[in-house]
Amino acid sequence: MTKGKVDALLGIVFGDEGKGKVVDFFTPRYDVVARFAGGPNAGHTIIFDGKKFVLRSIPSGIFDPDKVNIIGNGCVIAPDLFMDEARELEAAGYALTERLHISRRAHLILPTHRVLDRAYEAAKGKAKVGTTGKGIGPTYSDKAARIGLRVGDIEGEFEEKYRALKQRHEQILRDLNYTDYDISQEEKRWLEGVDYMRKFRLTDTETEINRYLAEGKNVLAEGAQGSLLDIDHGTYPFVSSSSTTSGGVCTGLGVAPGAIGRVWGIFKAYSTRVGSGPFPVELFDETGDTIRRIGNEFGAVTGRNRRCGWVDLVALRYAIMINGVTDLVMMKSDVLDGFDTIKACVAYTKDGQTTTDMPYDTEGWQPVYEELPGWKTALTDIRSEADFPPAFKAYVDYLEQQLQLPIRIISVGPDREATIVR
Ligand code: IMP
């Protein structure tokens, strides 16, 4: 058994749960902050010292000079986008090179992976996943096919390996008849990004993390995407290509299951999804539009409209089970302030059949709702649970009872102070 623990902070639905707002509650408690899955498909918006940053690959401990930040082996990195992200932080005065350690085992996203992402999507016709176009799927495919390039490769004879994989991709693109692309400018910046990455600590982060744990240090594993976008447990094939759940923390950082401590599950007081795929609670009416407008539900990476709906207890219970969630965090409660009635999806129904378990095929299921009275009061200035309007308190109690877990943190507005810890 390790002395230190790895706690996970995970979006437990379709991503975009708003982790960025609560990381400054979490990061001070940890010595190390690590990303274990995904790549620049994520977009954690963090406001620090009044300035807004969107972190895509870099862990959010980067704003605190005392934290070590790790990009783990389960991640994929695009050197050009990484360079942009890192340079913006450097320009804002944050020193990175000593405090940002990158796993040699993490895989590299090539410019041609991004072209392949577009080509595969185009070939899918109506059944598009609606990916972020960042080359995530093709990069993880190459990892599984055992032909990928890893961060460690840039320390050796890199150019030759790069050209070989690029040629392989070009052949696939020709086979797909997808030839109308030009990556020459992108490739130049990408190679510049590879060079830029060489100044960072490219290490065996699994050994490093386990050493920290043996010393009694604690690690925060910062999730990306969301549990229902997990390659195994999400709404396949409308998923991302990595293990976004707590099991992915073990494989994506190289830590044993026994090292996992608390699993914090973040969800919103309502539901959103960006991209295609089944979403039983989706609202196509004015209520959905209102949630989108008030919640500012537009994609952080792609700017797309997020699909909106009421909270989905079937999805939440499933994610809690898969992840072993120990504590819940509810975000954006204030977005529901104006509604007379709040609904919660307690089951799905299709062809006379009703289920409270997540079905294998979530396509075509309709939500079964329970209704609760709305609180019709602005929550944003509330700082204490004692001041909750009774109907909001009833909503929180209802969710805790349905989900059989405590909601330890409740966010009632965008400001950092608008966060109630219970
Ligand atoms: P990919 O990860 O770019 O391959 O996209 C696969 C699916 O996951 C698409 O529906 C994306 O919109 C969705 N997705 C990927 N990353 C995120 C995220 O960080 N938040 C929300 N949705 C995401």
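It should be emphasised that the depicted structure is a prediction, and the values quoted were computed from it without experimental measurement.

Parameters at a glance
- Residues numbered from 1 in each chain as written.
- Predicted model: local features only at pLDDT ≥ 70, side-chain atom pairs only at ≥ 80, totals over all residues.
- Heavy atoms only, no water.
- Helix = DSSP H or I, 4+ residues; strand = E, 2+ residues; numbered from the N terminus.
- Rg over C-alpha atoms; globule rule 2.2 N^0.38 Å.
- Buried < 20%, exposed > 50% of the residue type's maximum accessible area, 1.4 Å probe, protein only.
- Contact = heavy atoms within 4.5 Å.
- Areas by Shrake-Rupley, 256 points an atom, 1.4 Å probe, with all protein chains shown as cover.
- Lys, Arg positive; Asp, Glu negative; His and termini not counted.
- Charge placed at Lys NZ, Arg CZ, Asp CG, Glu CD.
- Pairing = 2+ DSSP bridges.
- Polar contact = N/O pair within 3.5 Å; in protein donor to acceptor, adjacent residues only side chain to side chain.

J.: Lay out the overall build of the protein chain in plain terms, naming residues and giving numbers.
T.: Counting its secondary structure elements, the protein chain contains 11 helices and 19 strands. For 422 residues, the compact-globule estimate of 2.2 N^0.38 gives 22 Å, and the protein chain sits close to it at 21 Å. Projected onto its principal axes, the C-alpha positions of the protein chain cover 65 × 50 × 40 Å. Counting all 422 residues of the protein chain, 56% fall into the buried class. Here the contacts in the protein chain between residues at least 6 apart in sequence split such that 77% fall between residues at least 24 apart. Carbon together with sulfur atoms contributes 49% to the accessible area of the protein chain, which is approximately 17,500 Å² in total. The centroid of the 53 positive side-chain charges in the protein chain is displaced by 2 Å from the centroid of its 60 negative side-chain charges.

J.: Please provide a residue-by-residue account of the side chain of T27, values included.
T.: With respect to the element layout, T27 can be found in the loop between helix 1 (19-26) and strand 2 (32-35). For T27, the contacting residues outside a window of four places in its chain are V33, S60, G61, K67 and L220.

J.: So what's going on with the environment of D175? Residues and values would help.
T.: Its location among the elements puts D175 in helix 5 (residues 158-175). On the basis of relative accessible area, D175 is assigned to the exposed category, the value being 62%. C-alpha separation for the pair D175 and G247, spaced 72 residues apart in sequence, amounts to 36 Å.

J.: Can you break down the pairing of strand 2 residue by residue, with the values?
T.: Of the two faces of strand 2, the one carrying V32 and A34 and the one carrying V33 and R35 are both buried. By the bridge criterion, 4 bridges tie strand 2 to strand 5 (residues 68-71) in an arrangement that is parallel. Paired with R35 across the bridge in strand 5 is I71. With 4 bridges joining them, strand 2 and strand 10 (residues 219-222) adopt parallel strand pairing. Opposite V32, over in strand 10, you have V219 as the bridge partner.

J.: Account for the side chain of T139, naming residues and giving values.
T.: If you trace the backbone, T139 turns up in helix 4 (residues 136-144). Polar contacts involving the side chain of T139 include one to the main-chain carbonyl oxygen of G135, which spans 2.6 Å.

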